[in-house]
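Architecture at a glance
Take a look at the letters that make up each chain.
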Amino acid sequence: MDAMEASRGTRPVRERRHGVGRHGVRRAALLCALAALAAAAVPASAARAPAAPDPLVVVDCFDKPQVRPEEYLLACGDGNNRLVGLRWESWGPGTATATGTDMVNDCRPYCAAGHFRAYPVTVTLSKPQTWPEHPDVRRFTTIRLLYTGAAPHPVPKDVTYKLVY
């Protein structure tokens with residue numbers, strides 16, 4: 001008999017190897033049963049999370065939905081106009097606003113030999129509508145560019161375009 005058995009009488013003492021004794025197992029089982037009863041008592045309508053609104057996106061040239069993109073290609077055909085460094089201040093449900101830079105190719109003497117010029121801009125997306133290809137998604141259909149410095153010639157300082165993709 002070792003020292004532990006001698007101090008407790010003739011019955012050997014079992015050491016808890018996993019930190020849970022007989023009473024701990026019963027307590028855990030009782031807590032699980034109480035949690036199950038509580039969950040069953042909650043009405044199903046209260047247990048559901050509120051439905052999220054339809055996703056709101058801007059669709060890019062490649063027909064891909066984007067949320068708060070850092071870049072956005074405006075000239076899909078030749079890539080000569082791109083918004084970069086977009087920092088979104090707001091996003092939805094009716095509008096989204098960002099600041100960034102419009103990189104525009106000056107196409108002088110022609111586009112392949114032209115140089116990209118940077119124009120600081122505030123971008124506002126608006127007029128969300130259901131995306132016909134994905135009826136469970138809404139997409140912005142209008143983009144407004146407000147140039148905070150000079151605007152690329154011959155574009156006005158405040159211009160709005162319809163997004164067709």
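Within any chain, residue numbers begin from 1 and follow the written order of that chain's sequence. Note on the predicted model: pLDDT of at least 70 is required for a residue's local features to be given, and 80 or more for side-chain atom pairs to be given and counted; whole-chain, interface and lining totals, by contrast, use all residues. As a rule here, side-chain values come from all non-hydrogen atoms in the structure, and water together with hydrogens is ignored.

1. A closer look at the overall build of the protein
When its secondary structure is counted, the protein shows three helices and 10 strands. Considering the protein as a whole, with its 165 residues, one finds that 28% of them fall into the buried category. Every residue pair with non-hydrogen atoms within 4.5 Å of one another is taken to be in contact. Within the protein, contacts between residues at least 6 apart in sequence are counted, and of these 36% link residues at least 24 apart. The method behind every accessible area is Shrake-Rupley, applied with a 1.4 Å probe, and residues are considered shielded solely by the protein chains displayed. In the form shown here, the protein has an accessible surface area of approximately 11500 Å², with 57% of it arising from carbon and sulfur atoms. Only DSSP runs of H or I covering at least 4 residues are called helices, and only runs of E covering at least 2 are called strands; the numbering of each starts at the N terminus. Between buried and exposed lies partly exposed: a residue is buried under 20% and exposed over 50% of the maximum accessible area for its type, with that area taken using a 1.4 Å probe on protein chains only.

2. A look at the state of the cysteines
The disulfide criterion is simple: two cysteine sulfur atoms within 2.5 Å. Taken as a whole and judged by the stated rule, the model has two disulfides. Residue Cys 107 pairs covalently with Cys 111 via a disulfide, S to S 1.9 Å. Since a negative S-S torsion denotes a left-handed disulfide, the Cys 107-Cys 111 link at about 95 degrees is right-handed. With a relative accessible area of 33%, Cys 111 lands in the partly exposed category. Disulfides within the protein link the bonded cysteines, taken in sequence order, as 1-2, 3-4.

3. Describing the side chain of Ser 126
Inspection of the secondary structure assignment puts Ser 126 in strand E6 (residues 116–126). On the accessibility criterion, Ser 126 (18% relative accessible area) is buried. The residues touching Ser 126, leaving out its near neighbours within four places in the chain, are Gly 94, Thr 95, Phe 140, Thr 141 and Thr 142.

Shape descriptors only; they carry no functional weight alone.
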